[in-house]
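Close look at the chain arrangement
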Amino acid sequence: MDADLILTIGVALFIVTIPSLLSAFSEGEPPRVGAILLIASMGLVVAAVTTKPGGYTLREVPGVMLDVTARYIK
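Below is a short write-up of the structure. (Residues numbered from 1 in each chain as written. Predicted model: local features only at pLDDT ≥ 70, side-chain atom pairs only at ≥ 80, totals over all residues. Heavy atoms only, no water.)

**So, the overall build of the protein**
Helix and strand counts for the protein stand at three helices and zero strands. For the protein, the N- to C-terminal ordering of α and β elements is α-α-α. Expressed as a percentage of the 74 residues in the protein, the buried residues total 23%. When contacts within the protein are restricted to residue pairs at least 6 apart in sequence, long-range pairs at least 24 apart make up 67% of them. When the accessible area of the protein is evaluated, it comes to approximately 5200 Å², of which 72% is carbon and sulfur surface. (Helix = DSSP H or I, 4+ residues; strand = E, 2+ residues; numbered from the N terminus. Buried < 20%, exposed > 50% of the residue type's maximum accessible area, 1.4 Å probe, protein only. Contact = heavy atoms within 4.5 Å. Areas by Shrake-Rupley, 256 points an atom, 1.4 Å probe, with all protein chains shown as cover.)

Following this line, the structure appears as structure tokens:
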């Protein structure tokens with residue numbers, strides 16, 4: 001897997017994590033699933049940043065995600 005795909009999966013997983021954490025906190029339950037998703041998403045993002053030579057800047061991330069999405073939809 002290339003670093004761009006890993007970054008895209010990590011960011012998408014992070015987006016899914018937010019509602020899970022909010023739901024657990026609002027119901028007064030421990031955020032077990034949200035915490036696991038958060039750890040996994042951060043691990044994927046860190047792996048992508050360390051795998052790519054030079055890393056990513058914050059401005060590059062949306063373009064990289066669009067490129068990966070276009071590559072796999074096409």
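**Here we look at the nonpolar core**
Counting residues in each nonpolar core, the largest one holds ten residues, listed as Ala-3, Leu-5, Ile-6, Leu-7, Val-11, Ala-48, Tyr-56, Val-61, Val-64 and Val-68. By residue number, the principal contributor to this core is helix α1 (residues 3–27), which donates five residues. Those residues within four positions of Ala-3 in sequence are excluded, and the remaining contacts are Ala-48, Thr-51, Lys-52 and Tyr-56. (Core = buried A, V, L, I, M, F, W, Y, C linked by side-chain atoms within 4.5 Å.)

**Thoughts on α1**
Over its 25 residues, α1 runs 36 Å from end to end, which matches the ideal 36 Å to within 8%, given 1.5 Å per residue. For α1, the full list of buried residues reads Ala-3, Leu-5, Ile-6, Leu-7, Thr-8, Gly-10, Val-11, Thr-17 and Ala-24. Looking at the buried residues of α1, the elements they touch are α2 (32–51) and α3 (60–73). Where α1 terminates, the next one or two residues include Gly-28, which has phi positive at roughly 75°. (Expected span 1.5 Å × (residues − 1).)

Treat this as a map of the structure, not an account of what it does.
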